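Close look at the chain arrangement
The residues making up each chain are set out below.
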Amino acid sequence: MGDQNLTYTFTVDQTPEEAFAAINNVRGWWSGEIEGRTDRLGEEFTYRYKDVHYSKHKITELIPGKKVVWLVLDSYLSFVKDQTEWNGTEITFEVSKKGDQTEIRFTHLGLVPDFECFNACSNAWGSYINGSLRSLITTGKGKPNPKEK
């Protein structure tokens, strides 16, 4: 049986260091309110989008220019029965050279098709990773949802 974790991969012309810096500038590409540092090993940060999604992350691995891993310590998703589905999952970003390009591989380990939130979460991640994060890396400007007034 193949890997069922949610994964998106794309390549850009920027360096691994530029891609890595953009990934760790979480406020630049992910919508919602983010509290805490998102760029240092061992740090914890929270993400909140309205009353729909809350998650607390711990940066458990950070290899400059190569990889960052967030462990989801706590979460709440208002739109599913098991509102803590993300708890204990890991969000990983792997950065590597592919010829003269840089490959970014996003994986949400533990977010599998059996999860009730899989369809909605995979659509949202797809938009943030393939749209907003890619834009932040390639143009210097992400495309998170507009801030609520």
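Figured I'd write up the structure that's included with this text. Just so you know, these numbers come straight off a predicted model, no measurement behind them. (Residues numbered from 1 in each chain as written. Predicted model: local features only at pLDDT ≥ 70, side-chain atom pairs only at ≥ 80, totals over all residues. Heavy atoms only, no water.)

**Describing helix α2 (residues 118–139)**
This is how it is decided: Here a strand is any run of E in DSSP of at least two residues, a helix any run of H or I of at least four, and the numbering for each starts at the N terminus. Here a helix's expected span is defined as the number of its residues, less one, multiplied by 1.5 Å. One axis fitted to the seven residues ending at a residue, another fitted to the seven starting there: the angle between these axes is the bend at that residue. Only protein chains enter the accessibility calculation, which uses a 1.4 Å probe; a residue whose area is less than 20% of its type maximum is buried, one above 50% is exposed, and one in between is partly exposed. Should any heavy atoms of two residues lie within 4.5 Å, those residues are counted as being in contact.
In a regular helix each residue adds 1.5 Å, so 22 residues correspond to 32 Å; α2 covers 29 Å between its end C-alpha atoms and thus fits that length. If you look at α2, its biggest bend is around 25 degrees, right at Y128. By the burial criterion, the buried members of α2 are F118, C121, S122, W125, G126, Y128, I129, S132, L133, S135, L136 and I137. Next to the buried residues of α2 lie β1 (6–12), α1 (16–24), β3 (44–49), β5 (67–77), β6 (90–98) and β7 (101–109). The positive-phi residue at the C-terminal boundary of α2 is G140, with phi of around 85 degrees.

**Observations concerning the environment of T102**
Just so we agree on the cut-off: Throughout this description, a polar contact denotes any pair of N or O atoms lying within 3.5 Å of each other; where both atoms belong to protein, one of them has to be capable of donating a hydrogen while the other can accept it, and for residues adjacent in sequence the pair is counted only when both atoms sit in side chains.
Along the chain, T102 turns up in strand β7. Taking relative accessible area as the criterion, T102 reaches 0% and is therefore assigned buried. The contacts of T102, once residues within four sequence positions are left out, are F10, T11, V12, Q14, T15, P16, A19, V95, S96 and K97. Within the local environment of T102, its side chain forms a polar contact with the backbone oxygen of Q14, the two atoms lying 2.5 Å apart.

**Side note on the pattern of salt bridges**
For side chains of opposite charge, pairing can occur when their charged atoms come near one another. Put simply, the test is: Here, a salt bridge means any Lys or Arg side-chain nitrogen found within 4 Å of an Asp or Glu carboxyl oxygen.
Within this structure, the stated rule accounts for five salt bridges. R37 is the salt-bridge partner of D39, the closest N and O atoms lying 3.0 Å from each other. Assessed through its relative accessible area of 38%, D39 is described here as partly exposed. One salt bridge in this structure joins K56 and E44, with 3.3 Å as the shortest N-O distance. Highlighted residues: K56 in strand β4 (residues 53–63) and E44 in strand β3, separated in sequence by twelve residues. For K56, a relative accessible area of 28% gives the class partly exposed.

**A word on the environment of N25**
Looking at the secondary structure, you find N25 in the loop between α1 and β2 (33–35). The sequence separation of N25 and T92 amounts to 67 residues, and the corresponding C-alpha distance is 15 Å.

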